[in-house]
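# Observations on chain architecture
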Amino acid sequence: MTVADLDSRLSSYELTEWMAFEKITGPLGRRRHDIQAATIAATIANSSRGKKGKKFKMADFLIPYGEERKSPQQMLEAIKGINRAMGGEERGGRPDR
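Residues numbered from 1 in each chain as written. Predicted model: local features only at pLDDT ≥ 70, side-chain atom pairs only at ≥ 80, totals over all residues. Heavy atoms only, no water.

## A closer look at the pattern of salt bridges
We count it as follows: By convention in these notes, a salt bridge is any Lys or Arg side-chain nitrogen within 4 Å of a carboxyl oxygen on Asp or Glu. Secondary structure elements follow DSSP: runs of H or I no shorter than four residues count as helices, runs of E no shorter than two count as strands, and numbering proceeds from the N terminus. When a residue's accessible area, from a 1.4 Å probe over protein chains only, is under 20% of the maximum for its type it is buried; when over 50% it is exposed; and in between it is partly exposed.
Scanning the model with the defined rule gives three salt bridges in all. The closest approach of N and O atoms between Lys 80 and Glu 77, which form a salt bridge, is 4.0 Å. Placement of both Lys 80 and Glu 77 in helix H4 (residues 72–85) is noted, with a separation of three residues, approximately one turn of the helix. For Lys 80, a relative accessible area of 22% translates into the label partly exposed. Note that Glu 90 and Lys 80 form a salt bridge whose closest N and O atoms lie 3.5 Å from each other. In this pair, Glu 90 sits in the segment after H4 while Lys 80 sits in helix H4, placing the two residues ten residues apart along the sequence. When salt bridges with common partners are traced through the structure, they connect Glu 77, Lys 80 and Glu 90 into a single cluster.

Here it is as structure tokens:
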């Protein structure tokens, strides 16, 4: 589903309800899956460690997503670089115009 599809299907009221639900239950989507996987990894690592080994925490296995957010221009430049590296050709303009 694209952002435009979501925008046409999801009302402001429903979006607000989902935001409230996430505040109550914790993160949804990819971040929640990362937390679940990190919890499992920590459990396995702790069950396999020696008696004097370091006790692992869930945070030890959590994927960091970078502290610094990129600007839209930085993201566009990164995409253009990937496109060039893969032999792509930039045609310019937006496909929806």
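## Topic: helix H2 (residues 12–25)
For the record, the criterion: Helix span, expected: 1.5 Å multiplied by one less than the number of residues in the helix.
Under the 1.5 Å per step criterion, the end-to-end length of H2 is 20 Å for 14 residues, consistent within 8% with the ideal 20 Å. Of the residues trailing H2, Gly 26 is marked for its positive phi of about 100 degrees.

## A closer look at helix H3 (residues 30–48)
Going by this rule: This arc describes the spread of directions from the helix axis toward the C-beta atoms.
The end-to-end C-alpha distance of H3 is 27 Å, a good match for the 27 Å that 19 residues give at a rise of 1.5 Å each. Among the residues of H3, Asp 34, Ala 38, Ala 42 and Ala 45 are the ones counted as buried. Seen along its axis, H3 keeps its buried residues to an arc of 70 degrees; they face one direction. Facing away from the buried side of H3, by more than 90 degrees, are the exposed residues His 33, Ile 40, Ile 44 and Ser 47.

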